Amino acid sequence: MAKPISLEKILFSQGFGTRRYCSDLVYADLVKVNGVLAEDPEERIATEGLVLTVEDRDWEYHEKAYIAFNKPENYECSHKTTHHPSVYSLLPSPFVERGLQCVGRLDFDTTGLLLISDDGQFIHKMTTPKKNIGKVYEITTPEPITQSQIDHLLNGVVLDDDPKPCFAVACNQLTEYTLAMTIVEGRYHQVKRMMAAVGNHVAKLHRTEIGAYLMPTDLAEGEWRWLYPQDLQMLSKSVAA
Ligand code: URA
């Protein structure tokens, strides 16, 4: 069981502002602990199953944050964006305050499953090709997808910036113009470049799955949800397992 921590420290760790600001939130009667109005920012609180209410909004305590987000089109996965608004503008401000980062990036025009976390080890594990964690992309093309294009993707494609080929680890043709392709790397514009290299094109790109975790069907575009240990287990399943 984790050691109880002062309420002020807990609020700070969850991204509610500076220690001083967090303490002021308590003095202003804006914080509840498990539904009970808090009075003392120094009070030590057990974090297991803790639910804070801050300015009338409930917040589960999470020592590390793991978020699944359904990314809409026309948002960039960076803090300093160039042409489009940032995905971080769609997240609650405590997430940004506590330093959550995208786990790998999706292009501004790619939609679908995006993980966001402040756990560096998790981010590394999910993105390194060594862990063989599959990312499934649903690709819509303007030209019919041929068997020879699929064979080429599975046999390996050499992109212009690296002589080492990159492979689709699985391809499942869904319709004449749609393909579900699994890759374990995350090179720059990888899917788009792979499709171009085999003589087709990406008109639309949507990520549906990471590891064995599927985008929840009830997670609307622009919405997020917490991931729990059972979700993290699904995310960590490698292609080879
Ligand atoms: N590959 C791409 O080309 N774009 C993405 O957003 C993700 C993978």
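The model shown is predicted, which means the values in this text are computed figures rather than measured ones. (Residues numbered from 1 in each chain as written. Predicted model: local features only at pLDDT ≥ 70, side-chain atom pairs only at ≥ 80, totals over all residues. Heavy atoms only, no water.)

**So, the domain arrangement of the protein**
So, step 1. According to the domain assignment, the protein consists of domain 1 (5-60), domain 2 (66-129 + 219-235) and domain 3 (134-210).
So, step 2. Each of domain 1 and domain 2 was reduced to a C-alpha centroid, and the two centroids are 25 Å apart.
So, step 3. Tallying the contact residues gives eight residues for domain 1 and eight residues for domain 2.
So, step 4. Summed over both sides, the interface of domain 1 with domain 2 buries roughly 670 Å², with 56% coming from carbon and sulfur.
So, step 5. At the boundary of domain 1 with domain 2, the tally comes to zero salt bridges.
So, step 6. Taken together, the connections running from domain 1 to domain 2 amount to two residue pairs in polar contact (both at pLDDT 80 or more).
So, step 7. The element contributing the most residues to the side of domain 1 that touches domain 2 is strand β6 (residues 57-60), with three residues.
So, step 8. Its residues assigned to classes, the side of domain 1 that touches domain 2 comprises two nonpolar, four polar and two charged. (Domains from an automatic or database assignment. Contact = heavy atoms within 4.5 Å. Buried area = accessible area lost by both parts, 1.4 Å probe. Salt bridge = Lys/Arg side-chain N within 4 Å of Asp/Glu carboxyl O. Polar contact = N/O pair within 3.5 Å; in protein donor to acceptor, adjacent residues only side chain to side chain. Helix = DSSP H or I, 4+ residues; strand = E, 2+ residues; numbered from the N terminus. Nonpolar A, V, L, I, M, F, W, Y, C, P; charged D, E, K, R; others polar.)

**Digging into the environment of T82**
So, step 1. Mapped onto the elements of the fold, T82 is located in the loop between β7 (66-71) and α3 (93-97).
So, step 2. Owing to a relative accessible area of 62%, T82 belongs among the exposed residues under this scheme. (Buried < 20%, exposed > 50% of the residue type's maximum accessible area, 1.4 Å probe, protein only.)

**Observations regarding the site of the ligand**
So, step 1. Residues in close proximity to the ligand include L106, D107, T110, Y137, H189, Q190, V191, K192 and L205, which together make up its full environment.
So, step 2. Take T110: an N or O atom from its side chain is 2.8 Å from an oxygen atom of the ligand.
So, step 3. Q190 places a main-chain nitrogen or oxygen 3.4 Å from an oxygen atom of the ligand.
So, step 4. Element by element, the count of residues in the shell around the ligand is highest for helix α6 (residues 190-197), at three residues.
So, step 5. Residues belonging to the shell around the ligand are distributed by class as follows: four nonpolar, three polar and two charged.
So, step 6. The two domains that each donate at least three residues to the shell around the ligand are domain 2 (66-129 + 219-235) and domain 3 (134-210). (Near = heavy atom within 4 Å.)

**Some points on helix α4 (residues 120-127)**
Given 3.6 residues per helical turn, the α-helix brings residues three or four places apart onto the same face.
So, step 1. All of the buried residues in α4 are F122, I123 and M126. Down the axis of α4, the smallest arc covering the buried residues is 100 degrees, so these residues share one side. Summarising the geometry of α4, the exposed residues directed more than 90 degrees from the buried face are G120, Q121 and H124.
So, step 2. Residue D119 occupies the N-cap position of α4, its side-chain oxygen lying 3.0 Å from the main-chain nitrogen of Q121. (Arc of directions from axis to C-beta.)

**Side note on the packing of aromatic side chains**
So, step 1. Going through the model one piece at a time under the given rule, you end up with six aromatic pairs.
So, step 2. Ring geometry for F95 against W226: centres 5.3 Å apart, planes inclined by 75 degrees, an arrangement best described as edge-to-face. Here F95 is found in helix α3, whereas its partner W226 is found in strand β17 (residues 224-226), with 131 residues between them in sequence.
So, step 3. What makes F95 buried here is its relative accessible area of 2%. (Phe/Tyr/Trp six-rings, centres within 6.5 Å; stacked < 30°, edge-to-face > 60°.)

**Concerning a negative patch on the surface**
So, step 1. Among the surface-exposed residues, D29, E39, D40, E42 and E43 lie close enough to one another that they form a single negatively charged patch.
So, step 2. Secondary-structure assignment places E39 in the loop between β3 (36-37) and β4 (44-45). (Patch = residues over 30% accessible without salt bridge, like charges linked within 9 Å, V, L, I, M, F, W, Y side chains within 5 Å. Areas by Shrake-Rupley, 256 points an atom, 1.4 Å probe, with all protein chains shown as cover. Lys, Arg positive; Asp, Glu negative; His and termini not counted. Charge placed at Lys NZ, Arg CZ, Asp CG, Glu CD.)

**Regarding the nonpolar core**
The tendency in soluble globular proteins is for nonpolar side chains to be buried side by side.
So, step 1. If you look at the biggest cluster of nonpolar residues, it comprises 48 residues, and the most contacted ones within it are L7, L11, L52, I139, L153, M181 and V191.
So, step 2. The contacts of L7, once residues within four sequence positions are left out, are V26, V31, V33, A38, D40, P41, E43, I45 and L52.
So, step 3. A68, L113, M215 and L227 belong to the second-largest nonpolar core, a separate cluster that totals 16 residues. (Core = buried A, V, L, I, M, F, W, Y, C linked by side-chain atoms within 4.5 Å.)

**Here we look at the UniProt feature "domain: Pseudouridine synthase RsuA/RluA-like" (unreviewed entry) in the protein**
So, step 1. Here, UniProt's "domain: Pseudouridine synthase RsuA/RluA-like" (unreviewed entry) annotation points to residues 66-197.
So, step 2. For residues 66-197, helix accounts for 23% and strand for 32%, while the C-alpha atoms at its two ends are 35 Å apart. (UniProt positions renumbered as here; feature names shortened; annotations may be inferred.)

**Notes on the pairing of strand β14 (residues 178-183)**
So, step 1. Buried residues dominate β14, accounting for six of its six residues.
So, step 2. Burial of β14 is two-sided: the residues T178, A180 and T182 facing one way and the residues L179, M181 and I183 facing the other way are all buried.
So, step 3. One ladder, built from six bridges, connects strand β10 (residues 135-140) with β14; its direction is antiparallel. Residue pairing across strands places Y137 opposite M181, the latter belonging to β14.
So, step 4. Pairing geometry for strand β13 (residues 170-175) and β14, over five bridges, is antiparallel. Bridge pairing links C171 to M181 in β14.
So, step 5. Hairpin connection, β13 to β14: the antiparallel pair is bridged by two residues. (Pairing = 2+ DSSP bridges.)

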